[in-house]
Amino acid sequence: MLYVVGIGPGSPEQLTRRAREALLQSDVIIGNDSYLAQLGPLIEGKEVIRSSMGQEVKRAKRSIELSKTRVVSMVSGGDAGVYGMASIVLEVLEHEGTGIPVEVIPGVTAANAAASLLGSPLSGDFAAISLSDLLTPIEVIERRLHAAFSMGIPIVLYNPKSRGRPHNFALAMEIAGKYRGSGTPVGIVKNAYREGEEVMVVTLGEIALADRMVDMHTTVIVGGEESRIWRNGQHAKGIITPRGYHRKYLY
Ligand code: SAH
C-alpha cells in the first residue's frame, strides 16, 4: 500500500486526521528531511528514509518499490498534489502498471495557510503560480503571470525566490505593476504555522520593504481588483477580498 500524504504547512495541529492515521499505519516513511523533522513522535520507531531536494524521481521509484511488500507513506509539505510529489508518484505507477493500491491524502496547502494568517484574501476566484523555473521554462511562467494578473483576481505566488533564481520575484512584481495599481495590497507570509512565522502586509508600491522576507519559505499573495487592507482595531492588519455581500445586503 502506498499513501501519498500532504502533511500541511508545519505544525502537527495542521495535519489532517486521515494523514495522521496513514502515518501511524505505515511501516516506512519516505520524504524530504525538512518535512520529516516536522513529524516528530508520529514517525518514531518506523523505518525513515530521508532524501534530499532534487531527487524526486528517484524518491518516487523507491517508494513504489517498497510499497510492493510494505505499507509506505511518501510525505510532501502542504498538499502533495500542489507543486508536490503526488503527480510524479502517479506517473511512475501508471508507467509500471503494477496496480499497487495508492491513496492521495490532501493537506493544507501554503495558499490556504498564508491566506488564513492574512485574513481572507482569497474569498472568491484566485490563481496560483509558482515562480520556480526548475521544471517550467521562465518564458512560460512570464506568459502565465501576464495572463493571471490581467484577470484582476488575487494571485498566490509559490516559490517566489531562491538562491538559484533571485530575480524571478522582481520580474513578477514588475508584471503585476502593469495590471494593478500601486495601492494594491500584498501579503507576505514566511514559515506559516511553523517556527519563524512572519506576516507582513504592504502595498505593491512599497514591495521593496518586504524584499528581505521573500525567500523559498515564503508565500506571497497579491490582491485583486477588489482586495483591500483590513484592520481590526489599532494593531491587527490583514487583507480582505469581499465576496460581494455588500452588493446584495445591508450590514
Ligand atoms: N506542496 C506544497 C508546496 C511546495 S512548493 C504546498 O502545498 O504547500 C514550495 C513553496 O511552497 C515554498 O517556496 C513556499 O512558497 C510555499 N510554502 C510551503 N510551505 C510554506 C509555509 N509553511 N509558509 C509559507 N510558504 C510555504
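Everything discussed here concerns the structure shown above.
The rules behind each value
- Residues numbered from 1 in each chain as written.
- Predicted model: local features only at pLDDT ≥ 70, side-chain atom pairs only at ≥ 80, totals over all residues.
- Heavy atoms only, no water.
- Pairing = 2+ DSSP bridges.
- Helix = DSSP H or I, 4+ residues; strand = E, 2+ residues; numbered from the N terminus.
- Core = buried A, V, L, I, M, F, W, Y, C linked by side-chain atoms within 4.5 Å.
- Buried < 20%, exposed > 50% of the residue type's maximum accessible area, 1.4 Å probe, protein only.
- Contact = heavy atoms within 4.5 Å.
- Polar contact = N/O pair within 3.5 Å; in protein donor to acceptor, adjacent residues only side chain to side chain.
- Near = heavy atom within 4 Å.
- Areas by Shrake-Rupley, 256 points an atom, 1.4 Å probe, with all protein chains shown as cover.
- Nonpolar A, V, L, I, M, F, W, Y, C, P; charged D, E, K, R; others polar.
- Axes fitted to C-alpha atoms, helices over the stretch in contact; angles between N-to-C directions.

So, about the sheet that holds strand β6 (residues 119-120). Pairing is mixed across the open sheet formed by 3 strands, whose spatial order is β6-β13-β12. Both edges of this open sheet fall to β6 and β12 (228-232), since each of them pairs with a single strand only. In this structure, β6 lies alongside strand β13 (residues 236-240), joined through 2 bridges in parallel fashion. In the strand pairing of β13, G119 is matched with I239.

So, on to the nonpolar core. Core analysis: the biggest nonpolar cluster contains 25 residues, and L145, L157 and I188 have the highest contact counts within it. Residue assignment for this core shows that the elements contributing at least two residues are β7 (127-130), α6 (138-150), β8 (155-158), α7 (168-179), β9 (185-190) and β11 (218-222). Broken down by element, this core gets its largest block of residues, 5 residues, from α7. Excluding residues that lie within four positions of it along the chain, L157 makes contacts with I129, L131, L145, F169, A172, M173, T218, T219, V220 and V222. Ranked by size, the runner-up nonpolar core spans 18 residues in total, among them L2, I64, A86 and V89.

Notably, N159 is not glycine yet its phi reads approximately 45°, a positive angle. On the secondary structure map, N159 appears in the loop between β8 and α7. For Y193, which is not glycine, the phi dihedral falls at a positive 55°.

The next thing to look at is the side chain of T218. Checked against the element boundaries, T218 lands in strand β11. In this structure T218 comes out as buried when scored by relative accessible area, which is 3%. In terms of polar contacts, T218 uses its side chain to reach the backbone carbonyl oxygen of M213, at 2.7 Å. Apart from the residues within four sequence positions on either side, T218 is in contact with L157, P160, I188, V189, K190 and M213.

Taken together, 19 residues surround the ligand, and among them V82, T109, M216, T218 and T219 come closest. At 2.6 Å, a backbone N or O of V82 approaches a nitrogen atom of the ligand. Separating a nitrogen atom of the ligand from a side-chain N or O atom of R194 is a distance of 3.3 Å. The protein chains hide 92% of the 550 Å² of surface that the ligand would expose on its own. In terms of residue class, the shell around the ligand is made up of 9 nonpolar, 8 polar and 2 charged.

So, on to the sheet that holds strand β1 (residues 2-6). An order of β3-β2-β4-β1-β5 is seen for the 5 strands of this open sheet, with the pairing classed as parallel. Since the sheet does not close on itself, it has two edges, and those belong to β3 (47-51) and β5 (102-105), each with one partner. Neighbour to neighbour, the strand axes of the sheet diverge by 15° on average, direction disregarded. The sheet contact formed by β1 and β5 spans 4 bridges and is parallel. Across the sheet, residue V5 finds its bridge partner in β5, namely I105. Contacting β1, β4 (72-76) and β5, helix α4 (residues 86-96) crosses the sheet at an angle of about 165° to β5.

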